[in-house]
Amino acid sequence: AFLQTHGYAIIKGDRLDVVQLWTKTLSLVLNEKERVLTLIPTQIGTTYIPDLRLQALSSSTATSDHDLLYSQKPVSIINLTTQTVKTSLPFNVFSVLRAD
């Protein structure tokens, strides 16, 4: 799912050490230019920033998964608390729909 969305992902969880580990691990797949748009958390945020490739959000954030999945960019949501992965449309389909 992470590769289908071209490296855009939100990691949701409540344990900072685990969220940091996931963020750092997934950032290894990205090239240097993409890695600049990765936010390695020092605290778990509550605000979604669409332009970031990788970011962490609290599991109890007010923004719903539905709103995150249908935001400006295709994204994968990795919820560490519930151990689920949700993904929006793949990047190629998303790009065609945005063009229309």
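Predicted, not measured: the structure shown is a model, and the values here were computed from it. (Residues numbered from 1 in each chain as written. Predicted model: local features only at pLDDT ≥ 70, side-chain atom pairs only at ≥ 80, totals over all residues. Heavy atoms only, no water.)

Asks: Any chance you could explain the overall build of the chain here in plain terms?
Replies: Broken down by element type, the chain carries 4 helices and 4 strands. Across the chain, helices and strands are ordered from the amino to the carboxyl terminus as β-α-α-β-α-β-β-α. For the chain, the proportion of contacts with a sequence separation of at least 24, taken over those separated by at least 6, is 52%. In the form shown here, the chain has an accessible surface area of approximately 6000 Å², with 56% of it arising from carbon and sulfur atoms. (Helix = DSSP H or I, 4+ residues; strand = E, 2+ residues; numbered from the N terminus. Contact = heavy atoms within 4.5 Å. Areas by Shrake-Rupley, 256 points an atom, 1.4 Å probe, with all protein chains shown as cover.)

Asks: Which parts of the structure should I look at to understand the pattern of salt bridges?
Replies: A pair can form between side chains of opposite charge whenever their charged atoms are brought close. Taken as a whole and assessed by the stated rule, the structure comprises 4 salt bridges. A salt bridge links Arg 15 to Asp 17, with the shortest nitrogen-to-oxygen separation between them at 2.9 Å. According to the relative accessible area criterion, Arg 15 is exposed, its value standing at 53%. Where Glu 34 meets Arg 53, a salt bridge forms, and the shortest distance between an N and an O atom there is 3.5 Å. Note that Glu 34 is positioned in helix α2 (residues 32-35) and Arg 53 in the loop between α2 and β2 (54-57), a separation of 19 residues in sequence. (Salt bridge = Lys/Arg side-chain N within 4 Å of Asp/Glu carboxyl O. Buried < 20%, exposed > 50% of the residue type's maximum accessible area, 1.4 Å probe, protein only.)

Asks: Which parts of the structure should I look at to understand the sheet that holds strand β4 (residues 84-87)?
Replies: Pairing between the strands of a sheet is mediated by backbone hydrogen bonds and can be parallel or antiparallel. With mixed pairing, 4 strands are arranged side by side in an open sheet as β2-β1-β3-β4. With partners counted over all chains shown, the strands left at the sheet margins are β2 and β4, one partner each. Direction aside, neighbouring strands of the sheet carry axes that sit 20° apart on average. By the bridge criterion, 4 bridges tie strand β1 (residues 9-12) to β2 in an arrangement that is parallel. Within β2, the position partnered with Ile 11 by the bridge is Ala 56. (Pairing = 2+ DSSP bridges. Axes fitted to C-alpha atoms, helices over the stretch in contact; angles between N-to-C directions.)

Asks: Would you mind showing me how to read the side chain of Arg 53 here?
Replies: Here Arg 53 falls in the buried class, since its relative accessible area comes to 11%. The residues touching Arg 53, leaving out its near neighbours within four places in the chain, are His 6, Gly 7, Tyr 8, Ala 9, Leu 30, Glu 34, Leu 37 and Thr 38.

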